[in-house]
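The lines below spell out each chain.
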Amino acid sequence: MTRHLRRTALLTAVSALAGLALTAAPTTATAAGPHTPARQALPNQAPSLRELPEPPDAVKARELLADLVVADEDDVPGYSRAKFPHWITQYGTCDTREVVLQRDGQDVVQDDQCRSVSGTWYSEYDGLTIDSASRIDIDHVVPLKEAWRSGASEWTTPERRAFANDLDHSQLIAVSAGSNRAKGDKDPGNWKPPLQSNWCTYSRAWISVKATYQLTANPAEAAALSEMLDTCTV
């Protein structure tokens, strides 16, 4: 049953990627930021990418957290970022990174290669507003190595590719390079966003991804997630 649920999520992600590949790439965009409603997509843009996926609310997140398998996680040998191919082409000349930069930024302008040449981005983790795409990282909310040691080591390469480029769930977000690199591959038991005001959203997103992909959580991680959910106002 667990493997069936995970495969369903992965197949959904793979199908979404295939559909996007048929869409023409935009050259300019005014993207919805993390604090504003998504704007109407233009005809040559992929509508499904215009909104940052919303994680489940706090009540549902607690239910999902209670259902996660809690177990110690070993540092499974064999990990390599290359085993999670990214950033892949989503449509036209746009890869996953450029799609997220467009989606999460304000007044983003892209060149004919889909590169973000101007715009501003608000980093939810540390509250910085950044005006250069070169100073933005696309964070995997559940890091690739964390996924590896909590179940993804048993996946196929196509399954890991779908996970690493998942635009349908709350797994990818544009944040400051500094906050992303401070986080590294740490789970919430070892790292939380510096802005406590982001703990509610971050924990809900983390739990949602772990539940969707049937990944385990270690005891300290589960306890930290519960603490972070306490900051939510329901």
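Conventions we followed
Residues numbered from 1 in each chain as written. Predicted model: local features only at pLDDT ≥ 70, side-chain atom pairs only at ≥ 80, totals over all residues. Heavy atoms only, no water. Helix = DSSP H or I, 4+ residues; strand = E, 2+ residues; numbered from the N terminus. Buried < 20%, exposed > 50% of the residue type's maximum accessible area, 1.4 Å probe, protein only. Areas by Shrake-Rupley, 256 points an atom, 1.4 Å probe, with all protein chains shown as cover. Axes fitted to C-alpha atoms, helices over the stretch in contact; angles between N-to-C directions. Parallel < 35°, antiparallel > 145°, perpendicular 65-115°, else oblique. Contact = heavy atoms within 4.5 Å. Nonpolar A, V, L, I, M, F, W, Y, C, P; charged D, E, K, R; others polar. Pairing = 2+ DSSP bridges. Disulfide = S-S within 2.5 Å. Arc of directions from axis to C-beta.

**Regarding the overall build of the protein chain**
Now for step 1: Of the regular secondary structure elements, the protein chain holds eight helices and seven strands.
Now for step 2: Among the 234 residues that make up the protein chain, the fraction classed as buried is 50%.
Now for step 3: Summed over all atoms, the accessible surface of the protein chain reaches about 10600 Å², with 53% contributed by carbon and sulfur.

**Section: the packing of helix 2 (residues 58-67) against helix 8 (residues 219-229)**
Now for step 1: Direction vectors running N to C along helix 2 and helix 8 enclose 170°, while the axes themselves pass 11 Å from each other. Classified by the angle between their axes, helix 2 and helix 8 sit roughly antiparallel to one another. For the pair helix 2 and helix 8, the contacting residues are Ala61, Arg62 and Leu65 in the first and Ala222, Leu225, Ser226 and Leu229 in the second.
Now for step 2: Residue composition of the contact of helix 2 with helix 8, by class: five nonpolar, one polar and one charged.

**Examining the environment of Ser197**
Now for step 1: With respect to the element layout, Ser197 can be found in the loop between helix 6 (177-183) and helix 7 (199-212).
Now for step 2: What makes Ser197 exposed here is its relative accessible area of 65%.

**Some remarks on the environment of Gly178**
Now for step 1: Its location among the elements puts Gly178 in helix 6.
Now for step 2: Put simply, Gly178 and Asp137 are 41 residues apart on the chain and 8.4 Å apart in space, counted from C-alpha to C-alpha.

**Comments concerning the sheet that holds strand 4 (residues 116-122)**
Now for step 1: With respect to topology, three strands assemble into an open sheet ordered 3-4-5, the strand pairing being antiparallel. In the strand order of this sheet, the two ends are held by strand 3 (106-110) and strand 5 (129-130), each with one partner.
Now for step 2: Note that strand 4 and strand 5 share two bridges and pair antiparallel. Each bridged residue has a counterpart across the sheet, and for Trp121 the counterpart in strand 5 is Ile130.

**What about the state of the cysteines?**
Now for step 1: Across all of its chains, the model carries two disulfides by this definition.
Now for step 2: The disulfide partner of Cys94 is Cys114, and the S-S distance across this bridge is 2.0 Å. Residues Cys94 and Cys114 share a disulfide whose torsion about the S-S bond is about 95°; that sign makes it right-handed. Here Cys114 lies in the loop between strand 3 and strand 4 and Cys94 lies in strand 2 (residues 94-95), a separation of 20 residues in the sequence.
Now for step 3: Here Cys200 pairs with Cys232 through a disulfide, and the sulfurs are 2.0 Å apart. Given an S-S torsion of about 110°, the disulfide between Cys200 and Cys232 has right-handed geometry. With a gap of 32 residues between them, Cys200 in helix 7 and Cys232 in the segment after helix 8 connect regions that are remote in the sequence.
Now for step 4: Residue classification places Cys232 among the buried residues on the basis of a relative accessible area of 12%.

**Focus: helix 2**
Now for step 1: Residues of helix 2 that are buried: Ala58, Ala61, Leu64 and Leu65. Angularly, the buried residues of helix 2 cover 115° about the axis, an arc narrow enough to put them on a single face. Exposed positions of helix 2 whose direction lies more than 90 degrees from the buried face are Ala66 and Asp67.
Now for step 2: The secondary structure elements touched by the buried residues of helix 2 are helix 7 and helix 8.

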